[in-house]
Amino acid sequence: MSEKQSETATKSGTDHSVLGGVETSNKNLENIGVELLPVHTEGTVHAKRIPGTFRKIKWILASFWLILFVGPYLRWDGHQAILWDLANRQFHFFGLTILPQDIWILAMILLFFALLLAASTAVAGRLWCGYFCFHTVWTDVFTWLEEKFEGQPNKRQKLDQAPMSLEKLKVKIPKHLIWLLIGFATSFSFVAYFTDAIDLWARLFAFEWGSVETTIVVVLGLSTYFFAGFLREQTCIGFCPYARIQGAMIDTQTVVPTYDQDRGEPRGRMRRVKPGEEAPDLGDCIDCNLCVAVCPTGVDIRLGQQFGCITCGLCIDACDSVMDKIKKPRGLIRYASLQEFTGKKLPAIWKRPRVIVYSAIMTFAAGAILYGLATMSPIDVKALHERSPLFVQMSNGSIQNKWTLKVVNKGAEVMQAKITIGSEFQNMEYDVSPAVLSVQPGTVGSATLLVRIPRRDLTEANTPIDIMVEDVNNPQIKTTYNSVFIGPKPR
């Protein structure tokens, strides 16, 4: 800690201050709505909840996770719209079915969001932790419910310290039951993405769950209850590995919640200045501790950047509300970079090397995703040419090639695949077994193709040949596989 910070910490413990040179007191502060709060000491952090811009942003982004509870119940063509069917190695997303052959699209999606996470961290710190992390969201919901049952932070602290009694149980038990219900809803929704949700409910009431499903629901549900309800900020500080990884992504150009020390110090609480007494020269910080009281991890942002800060911006809402009440400019705590406080101009985002690299990779991944989705067909064909031998000369002098065809049905309906050959040879003959290949949704069908061409018609050793596959039930579903017919070298 620097000499200035040490001096600040010493002065912050005093009980005197003035407001813009006007005589005032702590009682006057209470009259204008500024509450003087104690700093978090030890035990569970009971953060105070106040409205503000960043609180609204948190709730809006948190709604994404609430939507996930609805996902398993969406239907499409009589089936679950979003389903990871691991048993059949299929991923269904509304009318789109992604099979192992197209798994690279999912890899590109993961790459895109991984780089988006890195880019956002480089620009504005731990945005994921503060606004979008599922643990942060669940903890926020749990503590919101706790406030409804147990009251404001000071009441919750007193209740925690009180001895066990019937009155205490009447307050605690309903809260914990709802926490457990949320944990069960979370784990059940997770499992429902891997099996039909309606069927999962039916088997639950019929006591037909398997050991795997039961174990996942119980373990994940209790984990949600324990981590979000009890560990809370300790999960971020002591258990989450990504919290430490993000620290390596932040530099002096990263904008994070920062306390303007030059403007706020020396800080101190207000008191009435006696006639003839010289008013102390203090900063804008009145040491109300509201910024600490609202922090979900108990961090005092006035002491500089700390590992526990998840850059949620709630301290900014708290400080701005106090500045409004005491008629001071907002921004004593604000999103800013360390470089800004050194007097150097912050370069534009698009000129920062790390952001450029991250954005370039994200653009590549996004382009690959769009290309894959645009070119994805409900049918895929692979023709495996017989290698031993490459060709056979028949008794009538014609040359025969053999292929094993693999037809993938990516649609949701049974496909009746008809296979034909396109070639410039008029005397060409071919046989397909079976003549019409029936392929179930999300599976692979196999057929054998034999093609015979008179040797006199072959002018090259390798001749292009087109293998065309069409769904008899839906002629619009068709594809062409380009292969080669192999024959002896011409004399």
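All figures in this text were calculated on a predicted structure; none of them were measured in a lab.

1. Here's the deal with the sheet that holds strand β15 (residues 462–471)
No. 1: Read across the sheet, 4 strands follow the order β13-β11-β15-β16 without closing on themselves; strand pairing throughout is antiparallel. Each edge of the open sheet carries a strand with a single partner, namely β13 (436–439) and β16 (478–486). Ignoring which end each strand starts from, the neighbouring axes of this sheet average 30 degrees apart.
No. 2: Two strands pair when backbone bridges link them, and strand β11 (residues 415–422) and β15 are joined in this way by 6 bridges, in the antiparallel orientation. Bridging across to β15, Thr420 finds its partner in Met468.

2. Here we look at the sheet that holds strand β3 (residues 82–85)
No. 1: Spatially, 3 strands are ordered β3-β4-β5 in an open sheet, and the strand pairing comes out antiparallel. Among the strands making up the open sheet, the edge pair consists of β3 and β5 (96–98). With strand direction ignored, the average angle separating the axes of adjacent strands in the sheet is 10 degrees.
No. 2: For strand β4 (residues 90–93) and β5, the ladder comprises 3 bridges, and the chain directions are antiparallel. Across the sheet, the residue bridging to Phe93 is Leu96, located in β5.

3. Focus on the domain arrangement of the chain
No. 1: Here the chain is described as being made up of domain 1 (53–249) and domain 2 (379–486).
No. 2: For domain 1 and domain 2, the distance between their C-alpha centres works out to 49 Å.
No. 3: Contacts between domain 1 and domain 2 engage 6 residues on the former and 9 residues on the latter.
No. 4: Interface area for domain 1 against domain 2, summed over the two sides, is near 570 Å², with a carbon-plus-sulfur share of 48%.
No. 5: Along the contact surface separating domain 1 from domain 2 lie 1 salt bridge.
No. 6: Asp102 is the salt-bridge partner of Lys410, the closest N and O atoms lying 2.8 Å from each other.
No. 7: Scanning the region where domain 1 abuts domain 2 turns up 1 residue pair in polar contact (both at pLDDT 80 or more).
No. 8: For the side of domain 1 that touches domain 2, the residue count by class is 1 nonpolar, 4 polar and 1 charged.

4. Quick look at the environment of Met108
No. 1: One can find Met108 in helix α4 (residues 103–124).
No. 2: Met108 sits 258 residues away from Ala366 along the chain, and the two C-alpha atoms are 7.4 Å apart.
No. 3: If we ignore the near neighbours within four places in the chain, the residues touching Met108 are Phe364, Ala365, Ala368 and Ile369.

5. Here we look at empty space enclosed by the protein
It is the rolling of a water-molecule-sized probe over the atoms that shows where space remains empty.
No. 1: As enumerated under the stated definition, the model contains 5 cavities of 30 Å³ or more in all.
No. 2: Reported here for the largest cavity is a volume of approximately 260 Å³.
No. 3: Taken together, 20 residues form the lining of the largest cavity, with Ala47, Thr139, Asp140, Thr143 and Pro296 sitting closest to its centre.
No. 4: For the lining of the largest cavity, the element with the highest residue contribution is helix α6 (residues 134–150), accounting for 5 residues.
No. 5: Residue classes in the lining of the largest cavity are distributed as 7 nonpolar, 6 polar and 7 charged.

6. A look at the UniProt feature "transmembrane region" (unreviewed entry) in the chain
No. 1: Following the UniProt record, one finds the feature "transmembrane region" (unreviewed entry) at residues 57–76, 103–124, 177–194, 214–231 and 355–374.
No. 2: Segment residues 57–76 splits into 55% helix and 10% strand. End C-alpha atoms: 32 Å apart.
No. 3: As annotated, residues 103–124 has a helix share of 100% and a strand share of 0%, and its two end C-alpha atoms lie 32 Å apart.

7. What about the packing of aromatic side chains?
No. 1: Taken as a whole and assessed by the stated rule, the structure comprises 27 aromatic pairs.
No. 2: Here Trp65 and Trp138 contribute two aromatic rings whose centre-to-centre distance is 6.4 Å and whose plane-to-plane angle is 80 degrees, an arrangement assigned as edge-to-face. Highlighted residues: Trp65 in helix α3 (residues 53–67) and Trp138 in helix α6, separated in sequence by 73 residues.
No. 3: Among the residues examined, Trp65 registers a relative accessible area of 14% and is labelled buried.

8. Overview of α4
No. 1: In a regular helix each residue adds 1.5 Å, so 22 residues correspond to 32 Å; α4 covers 32 Å between its end C-alpha atoms and thus fits that length.
No. 2: Among the residues of α4, those classed as buried are Ile105, Leu106, Met108, Leu115, Ala118, Ala119, Thr121, Ala122 and Ala124.

9. Some remarks on the pairing of β15
No. 1: Of the two faces of β15, the one lined by Thr463, Ile465, Ile467, Val469 and Asp471 is fully buried and the one lined by Asn462, Pro464, Asp466, Met468 and Glu470 carries no buried residue.
No. 2: Sheet topology note: the β15/β16 ladder contains 9 bridges and is antiparallel. The residue of β16 that forms the bridge with Thr463 is Phe485.
No. 3: Connecting β15 to the next strand, β16, in antiparallel fashion are 6 residues.

10. Thoughts on the layout of surface pockets
No. 1: Roughly 1,900 Å³ of internal volume is contained in the largest pocket.
No. 2: Phe64, Trp65, Leu68, Trp128 and Phe134 are the residues nearest the centre of the largest pocket, which is lined by 45 residues in total.
No. 3: Here the lining of the largest pocket takes 10 residues from α4, the largest share from any one element.
No. 4: Its residues assigned to classes, the lining of the largest pocket shows 37 nonpolar, 8 polar and no charged.

11. So, the pattern of salt bridges
No. 1: Across all of its chains, the model carries 27 salt bridges by this definition.
No. 2: Two residues, Arg232 and Glu146, come together in a salt bridge whose shortest N-O distance is 2.8 Å. Remark: Glu146 occurs in helix α6 and Arg232 occurs in the loop between α10 (211–231) and α11 (233–239); sequence separation between them is 86 residues. Comparing Arg232 with Glu146, the two get one shared label, buried.
No. 3: In this structure, Arg352 and Asp251 form a salt bridge, with 3.4 Å as the shortest nitrogen-oxygen distance. Highlighted residues: Arg352 in the loop between α16 (338–341) and α17 (353–375) and Asp251 in the loop between α12 (241–249) and β6 (256–259), separated in sequence by 101 residues.
No. 4: With relative accessibility at 28%, the residue Asp251 sits in the partly exposed group.
No. 5: If you follow the salt bridges from partner to partner, you end up with Glu146, Glu150, Arg156, Asp160, Lys172, Lys175 and Arg232 in one network.

Quick notes on the rules
Residues numbered from 1 in each chain as written. Predicted model: local features only at pLDDT ≥ 70, side-chain atom pairs only at ≥ 80, totals over all residues. Heavy atoms only, no water. Pairing = 2+ DSSP bridges. Helix = DSSP H or I, 4+ residues; strand = E, 2+ residues; numbered from the N terminus. Axes fitted to C-alpha atoms, helices over the stretch in contact; angles between N-to-C directions. Domains from an automatic or database assignment. Contact = heavy atoms within 4.5 Å. Buried area = accessible area lost by both parts, 1.4 Å probe. Salt bridge = Lys/Arg side-chain N within 4 Å of Asp/Glu carboxyl O. Polar contact = N/O pair within 3.5 Å; in protein donor to acceptor, adjacent residues only side chain to side chain. Nonpolar A, V, L, I, M, F, W, Y, C, P; charged D, E, K, R; others polar. 1 Å grid on protein atoms, 1.4 Å probe; cavity = no way out; pocket = protein on both sides within 12 Å on 5 of 7 lines; lining within 4 Å. Points joined across faces, edges and corners; volume = space filled by probe spheres on them. UniProt positions renumbered as here; feature names shortened; annotations may be inferred. Phe/Tyr/Trp six-rings, centres within 6.5 Å; stacked < 30°, edge-to-face > 60°. Buried < 20%, exposed > 50% of the residue type's maximum accessible area, 1.4 Å probe, protein only. Expected span 1.5 Å × (residues − 1).

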